[in-house]
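Structural description and commentary
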Amino acid sequence: GAGVSQSPSNKVTEKGKDVELRCDPISGHTALYWYRQSLGQGLEFLIYFQGNSAPDKSGLPSDRFSAERTGGSVSTLTIQRTQQEDSAVYLCASSLPGFNQPQHFGDGTRLSIL
Amino acid sequence: AQTVTQSQPEMSVQEAETVTLSCTYDTSENNYYLFWYKQPPSRQMILVIRQEAYKQQNATENRFSVNFQKAAKSFSLKISDSQLGDTAMYFCAFMKQGGNEKLTFGTGTRLTIIP
């Protein structure tokens, strides 16, 4: 079956532009997570969705970052007025509901801000 | 808040040898889960092994096993008979028990298997 799909795979944009990153989770996975991985670092949690609602958005670094999920499936992470420090790999993961369900990751979007 | 520490930024080992990656964590939680993820150059995070904190028995998955010391808050990964395909970044991660929860990651260990 299909895994978690993220698009685009790579994105290069100019400072100040807005970007949208897409995540298509595994079918039936109600939980969806966004993480950010800066160069040489571990993953940093951004936001968690359960269905279409986001009970934990504590990791979003500023109000330039927002995310939504529709139909309990696809999620988009939007970064407005991008800055150079936003350059990173953005990873999405999804999991089944319930306890101790492993998170399945996509291949990520590498975002480069010029 | 939880923290996860991986004190070995890089390691290398000869093919077929055994290597142990270290991980310590800090938490006030009593019920939680610990994970090791592998990230090859393809960027995809792959779950290697997981451990429930309430289980005393160490988890094992083929050539991968853990040494879980709850009192010491230590969770090391042992890779036996290492293979070239094991070359990757390895991340230790923590998750509170309580339904769907975020993962807290360490900064990773870059492991190179030398032919």
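The coordinates are above.
The text that follows walks through the structure, step by step, so that each part is easy to find.

Cut-offs applied
Residues numbered from 1 in each chain as written. Chains lettered and ligands numbered in written order. Predicted model: local features only at pLDDT ≥ 70, side-chain atom pairs only at ≥ 80, totals over all residues. Heavy atoms only, no water. Phe/Tyr/Trp six-rings, centres within 6.5 Å; stacked < 30°, edge-to-face > 60°. Helix = DSSP H or I, 4+ residues; strand = E, 2+ residues; numbered from the N terminus. Buried < 20%, exposed > 50% of the residue type's maximum accessible area, 1.4 Å probe, protein only. Contact = heavy atoms within 4.5 Å. Buried area = accessible area lost by both parts, 1.4 Å probe. Polar contact = N/O pair within 3.5 Å; in protein donor to acceptor, adjacent residues only side chain to side chain. Nonpolar A, V, L, I, M, F, W, Y, C, P; charged D, E, K, R; others polar. Salt bridge = Lys/Arg side-chain N within 4 Å of Asp/Glu carboxyl O. Pairing = 2+ DSSP bridges. Axes fitted to C-alpha atoms, helices over the stretch in contact; angles between N-to-C directions. Disulfide = S-S within 2.5 Å. 1 Å grid on protein atoms, 1.4 Å probe; cavity = no way out; pocket = protein on both sides within 12 Å on 5 of 7 lines; lining within 4 Å. Points joined across faces, edges and corners; volume = space filled by probe spheres on them.

**Re the packing of aromatic side chains**
Residues and elements named next belong to chain B.
- Counted according to the given criterion, the structure contains 15 aromatic pairs over all chains.
- Between Y37 and F105, the ring centres sit 6.0 Å apart and the planes meet at 55 degrees, which makes this aromatic pair tilted. One end of the pair, Y37, is in strand β5 (residues 32-39); the other, F105, is in strand β11 (residues 104-105), and 68 residues separate them in sequence. Exposure class is identical for Y37 and F105. Each is buried.

**Let's talk about the interface of chain A and chain B**
- Contact with chain A, which involves 32 residues of that partner, is made by 23 residues of chain B.
- Regarding the contact of chain A and chain B, the summed buried area is about 2000 Å², with carbon and sulfur atoms giving 47% of it.
- Put simply, chain A and chain B have 9 residue pairs in polar contact (both at pLDDT 80 or more) between them.
- Elements supplying a minimum of two residues to the side of chain A that touches chain B: β4 (31-37), β5 (43-50), β9 (88-95) and β11 (109-113) of chain A.
- Of the residues that constitute the side of chain A that touches chain B, the class distribution is 13 nonpolar, 16 polar and 3 charged.

**A few points about the pattern of salt bridges**
All names here are of chain B.
- Summed over all chains, the structure comprises 7 salt bridges over all chains.
- Measuring nitrogen to oxygen at the nearest pair gives 3.8 Å for the salt bridge that ties K55 to E52.
- Using a relative accessible area of 13% as the deciding quantity, one classes E52 as buried.

**Notes on the side chain of S82(B)**
All names here are of chain B.
- If you trace the backbone, S82 turns up in the loop between β9 (74-79) and β10 (88-96).
- For S82, the side chain forms a polar contact with the main-chain oxygen of E17, separated by 2.8 Å.
- Excluding its chain neighbours within four sequence positions, the residues that come into contact with S82 are V13, Q14, E15, A16, E17, R63 and I113.

**Quick notes on the sheet that holds strand β8 (residues 75-79) of chain A**
Residues and elements named next belong to chain A.
- Taken together, the 4 strands give an open sheet; going across it, the order is β1-β3-β8-β7, and neighbouring strands pair in antiparallel fashion. Every interior strand has two partners, whereas the edge strands, β1 (5-7) and β7 (65-69), have only one. Taking the axes of each pair of neighbouring strands and ignoring which way they run, one obtains an average angle of 15 degrees across the sheet.
- Bridge count between strand β3 (residues 19-24) and β8: 5 bridges; the pairing is antiparallel. Bridge pairing in β8 links C23 to S75.

**What to know about the state of the cysteines**
- Under the defined criterion, the tally for this structure stands at 2 disulfides over all chains.
- There is a disulfide in this structure between C23(A) and C92(A), and the S-S distance comes to 1.9 Å. Torsion about the S-S bond of the C23(A) and C92(A) cystine: about -65 degrees, corresponding to left-handed handedness. Remark: C92(A) occurs in strand β9 and C23(A) occurs in strand β3; sequence separation between them is 69 residues. Comparing C23(A) with C92(A), the two get one shared label, buried.
- Paired through a disulfide, C23(B) and C92(B) show a sulfur-sulfur distance of 2.0 Å.

**Topic: the environment of G59(A)**
Residues and elements named next belong to chain A.
- Here G59 shows up in the loop between β6 (53-56) and β7.
- Distance from G59 to G16, taken between C-alpha atoms, is 22 Å for residues 43 residues apart in sequence.
- In this structure G59 touches F45 and L46, once residues within four positions along its chain are discounted.

**Concerning the layout of surface pockets**
- What the largest pocket holds in volume is close to 450 Å³.
- Surrounding the largest pocket, 20 residues form its lining, Q37(A), L39(A), R110(A), Q39(B) and R110(B) being those nearest its centre.
- Every element with two or more residues in the lining of the largest pocket is listed here: β9 and β11 of chain A together with β10 and β12 (109-114) of chain B.
- Among the elements that make up the lining of the largest pocket, the one with the highest residue count is β10(B) (3 residues).
- In the lining of the largest pocket, the residues fall into 10 nonpolar, 7 polar and 3 charged.
- Here the second largest pocket is characterised by a volume of approximately 160 Å³.
- Along the walls of the second largest pocket sit G3(A), V4(A), I26(A), P102(A), Q103(A), H104(A), F105(A), Y37(B), Q44(B), M45(B), I46(B) and L47(B), which together make up its complete lining.
- Breaking the lining of the second largest pocket down by element, the ones donating at least two residues are β10 (104-105) of chain A together with β6 (46-52) of chain B.
- Looking at the lining of the second largest pocket residue by residue, the class counts come to 8 nonpolar, 4 polar and no charged.

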